[in-house]
Amino acid sequence: MIRRTRPVVGAIALLAALTAGIAFPAGAAAGEPTGESAPKVDLVLDVSGSMRAKDIDGQSRMAAAKQAFNEVLDATPEEVQLGIRTLGADYPGDDRKEGCKDTAQLYPVGPLDRTEAKTAVATLVPTGWTPIGPALLQAADDLDGGDGSKRIVLISDGEDTCAPLDPCEVAREIAAKGIGLTIDTLGLVPNAKLSRQLSCIAEATGGTYTSIEHQDELTDRVNELVDRAAEPVVTPVAVEGADACERAPELRSGLYTDRQEFGQQRWYRVDLLAGQELRASVSVAADRAVRPDHGILMRAVTLHGREIVRGEATGNGRTDVVSTGLRHPKPELDDDSGKPAAETVCLGVTTSFSADAGVKTTPGLPLELTVDVVDGPDNASDVASFGLGRGWWLLGALVVTGFLAGLVWGWLSRWRVAVRRTS
């Protein structure tokens, strides 16, 4: 049973040696990379008036972005479908309502024609407002469809100017759809407010935020993110837990995402056959400001409510994610009847997050659940052996050998001292 993260006492190399070579068959059915759809990337570029500022290697922010885009387009892998969306590129006026509509697809997401895409980028001129929220909503639609990886790369030099449509809330809504879309953000100005906003957008979808000060940094980072989209990834499957085990969705091995309100309890069901072992873990991310003291509890119980095993963890506000897990092996034979055993295990996840007044509680906090049903160990007691299984005999032998060697060395040392004194 995994209860909470603790420092491992002892020689890590020894533990690795004892457990090396042990492989457990995994039959993940949900959340596997299928390879059926091409990875998609939508580059969202801020073309607002502030991009005229000349503070990136002696050139304007817009010029640096264009140069970076040209190099990125040359290096984009063939299998990646790439598109370019702009914000603030067309409306030069002072009407805020019109300025907040100013987002357009410069180059559609699809097979890349490098010459055509470069030509489109070359026409861009810094113009208007900074409607980040509306642009993210449209970019999510640009990537709709297919089961391949989906990534938005947002490049901006300023905060959103279209409140109350908070781009951080927009990112949370996109994440809540469970479509496996990641938003990475890059800030062209070392500004604290911009950094907080772009960081919030990225964290809401499991993406990253990077502060950029030089043109080569922009090129390298965008290239890295585009290449990352081409790597095989596991796309979590969206699932909605129930308020009781009898109404809970049935899960197989895989990776799942859900949303959980503050203080809510969610239930899921897993069927476990004789001789199998359930391994489950859960992570909850604080994608908004929460009070520092919080916790998470994961319980495995029977259909009749009897607790089998639990895992729990607490947070203190130093990290944005709290995780815990558990393991439960099902014996080959039922001890009472001697007949093959099978059971339905109910997984309950409870959180104790809270927030100050004014912090939105909907949608709930993002929850990621990993379920793995594998062939169990030869002996269920191995589970309590801290992962060593039958390797404990070797560890015991080493301990005894070390103890005896210490006694012998001590006796020899005393004997040598005694010989010296008498001679």
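Residues numbered from 1 in each chain as written. Predicted model: local features only at pLDDT ≥ 70, side-chain atom pairs only at ≥ 80, totals over all residues. Heavy atoms only, no water.

**Comments concerning the overall build of the protein**
Here is the rule we go by: The way it works is that DSSP assigns letters per residue, a run of H or I at least four long becomes a helix, a run of E at least two long becomes a strand, and they are numbered from the N terminus. Between buried and exposed lies partly exposed: a residue is buried under 20% and exposed over 50% of the maximum accessible area for its type, with that area taken using a 1.4 Å probe on protein chains only. Whether two residues touch is decided by their heavy atoms; if any such pair falls within 4.5 Å, the residues are in contact.
Along the protein, the regular secondary structure elements total nine helices and 15 strands. Among the 423 residues that make up the protein, the fraction classed as buried is 44%. When contacts within the protein are restricted to residue pairs at least 6 apart in sequence, those whose partners lie at least 24 apart make up 75%.

**A closer look at the pattern of salt bridges**
Selection rule: For salt bridges, the criterion is a side-chain nitrogen of Lys or Arg within 4 Å of an Asp or Glu carboxyl oxygen.
Tallied over the entire structure, the rule returns 19 salt bridges. Where R247 meets D243, a salt bridge forms, and the shortest distance between an N and an O atom there is 2.8 Å. Like R247, the residue D243 is exposed in the burial classification. E277 is the salt-bridge partner of R327, the closest N and O atoms lying 3.1 Å from each other. Of the two residues, R327 sits in strand β13 (residues 321-329) while E277 sits in strand β10 (residues 276-285), which places them 50 residues apart along the sequence. Relative accessible area serves as the criterion here: at 22%, R327 is assigned to the partly exposed category.

**Concerning the side chain of R85**
Looking at where R85 falls in the secondary structure, it is placed in strand β2 (residues 81-87). R85 sits in the buried class, given a relative accessible area of 4%. Beyond its immediate sequence surroundings of up to four residues, R85 is in contact with D42, L43, V44, L45, T103, A104, Q105, L106, A135, Q138, A139 and D142.

**Observations concerning the sheet that holds strand β1 (residues 40-46)**
As a reminder of what qualifies: For two strands to pair, DSSP has to find at least two bridges joining them. Only the stretch in contact is used when a helix axis is fitted, and all axes are lines through C-alpha atoms; the angle between N-to-C directions ranges over 0 to 180 degrees.
Across the sheet, which stays open at both edges, the six strands sit in the order β3-β2-β1-β4-β5-β6 with mixed pairing between neighbours. Each having just a single partner strand, β3 (103-110) and β6 (209-211) make up the two edges of the open sheet. Within the sheet, the average angular offset between the axes of one strand and its neighbour, ignoring direction, is 15°. Relative to β6, strand β5 (residues 181-187) is paired through three bridges, and the arrangement is parallel. Across the sheet, residue T185 finds its bridge partner in β6, namely Y209. Packed onto the sheet, helix α2 (residues 61-75) meets β1, β2 and β4 (150-156) and runs at close to 165° relative to β1. The strands that helix α7 (residues 192-204) touches are β4, β5 and β6; relative to β5, the one it contacts most, it runs at about 165°.

**Details of the environment of D94**
Mapped onto the elements of the fold, D94 is located in the loop between β2 and α3 (96-99). Residue class for D94 comes out exposed when judged on its relative accessible area of 75%. In this structure, the C-alpha to C-alpha distance between D94 and G128, residues 34 residues apart in sequence, is 8.5 Å.

**Some remarks on a negative patch on the surface**
Inclusion rule: Note on patches: the residues involved have over 30% relative accessible area and no salt bridge, like charges join within 9 Å, and the nonpolar side chains Val, Leu, Ile, Met, Phe, Trp and Tyr join within 5 Å. Using a 1.4 Å probe, the Shrake-Rupley method yields the accessible areas, and only the shown protein chains count as cover for residues. Note that His is not counted, nor are the chain ends; the positive residues are Lys and Arg, and the negative ones are Asp and Glu. Where a charge lies is defined by one atom per residue type: Lys uses NZ, Arg uses CZ, Asp uses CG and Glu uses CD.
On the surface, D57, E71, E213, D216, E217 and D220 cluster together into a patch of negative charge. With three residues, helix α8 (residues 215-230) is the single largest residue contributor to the negative patch. Positionally, E217 belongs in helix α8.

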